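In case you want the letters, here they are:
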Amino acid sequence: MKLTELFTADESERAVSPVIGVILMVAITVILAAVIGTFVLGLGDQVQQTSPNAQWNWDQQSTNPKLQLTHEGGDSVTPARLEVTSTSGDVDPTDNCGVAGEWSGGSTITAGSTCDVVQGGSASGTYRLLWTAEGGGSSSTLSTYEVN
C-alpha cells in the first residue's frame with residue numbers, strides 16, 4: 001500500500017464529517033439564539049421568581065379576631081404580593097392581609113408579623129394564603145387552613 005493513498009480518497013470513501021459539522025453548527029446557532037432571545041425578551045427574570053419559603057401559623061380564637069395569620073419564620077414577604085381567600089367569602093378584599101397596613105410588621109412581613117384575617121363574625125370554610133409574582137406571571141398557595 002502506498003502512503004499517498006492514505007491521504008487521498010475517491011468520492012465513495014469520503015467521510016461524513018462535513019455533514020456532522022454542519023448539523024452541529026446549526027444546533028449551536030439555534031441554542032445560542034434561544035438563550036439570547038430569552039434574556040432580550042426579559043423571560044429570564046420571570047423564570048427566577050420563586051415563591052417565598054416561609055412558615056405560616058393560623059390561629060383560630062374564640063374572641064375577636066376570630067382568625068389570625070402569623071409569619072413564623074423564613075423568607076420575608078411584601079404584603080402587596082399576598083392575598084387571603086376563603087371558600088365562605090367572609091374575607092374583604094379591600095381589608096385583607098394583602099395590604100401593608102393590615103400586618104403588624106409594616107411594609108415587609110418578617111417572622112412574628114401578624115394579620116387579622118377575620119375580625120368579627122364567625123370564621124368558616126377553607127382559607128388560603130396566595131402569593132403572586134411581580135408582574136403576575138405566576139402564583140402559588142403558601143398556606144391553607146380549614147376551620148373546624
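Residues numbered from 1 in each chain as written. Predicted model: local features only at pLDDT ≥ 70, side-chain atom pairs only at ≥ 80, totals over all residues. Heavy atoms only, no water.

For the sheet that holds strand 6 (residues 139-146), give the residues involved together with the corresponding values.
Pairing between the strands of a sheet is mediated by backbone hydrogen bonds and can be parallel or antiparallel. Strand order in the open sheet formed by three strands is 3-5-6, with antiparallel pairing between adjacent strands. Two strands lie at the open edges of the sheet, namely strand 3 (82-86) and strand 6, each paired on one side alone. Averaged over neighbouring strand pairs, the angle between their axes works out to 20 degrees when direction is ignored. Two elements, strand 5 (residues 126-132) and strand 6, share seven bridges in a ladder whose sense is antiparallel. Within strand 6, the residue paired with tryptophan 131 across the bridge is serine 140. (Pairing = 2+ DSSP bridges. Helix = DSSP H or I, 4+ residues; strand = E, 2+ residues; numbered from the N terminus. Axes fitted to C-alpha atoms, helices over the stretch in contact; angles between N-to-C directions.)

Describe the packing of aromatic side chains, with residues and values.
The tally for this structure, following the rule as stated, stands at three aromatic pairs. Note on tryptophan 58 and tyrosine 145: the rings are 5.7 Å apart at their centroids and 10 degrees apart in plane angle, and the pair reads as stacked. With tryptophan 58 in strand 1 (residues 54-60) and tyrosine 145 in strand 6, this pair connects stretches of sequence that are 87 residues apart. For tyrosine 145, a relative accessible area of 17% puts it in the buried group. Taken together, the ring pairs in this structure connect Trp58, Tyr127 and Tyr145 into an aromatic cluster. (Phe/Tyr/Trp six-rings, centres within 6.5 Å; stacked < 30°, edge-to-face > 60°. Buried < 20%, exposed > 50% of the residue type's maximum accessible area, 1.4 Å probe, protein only.)

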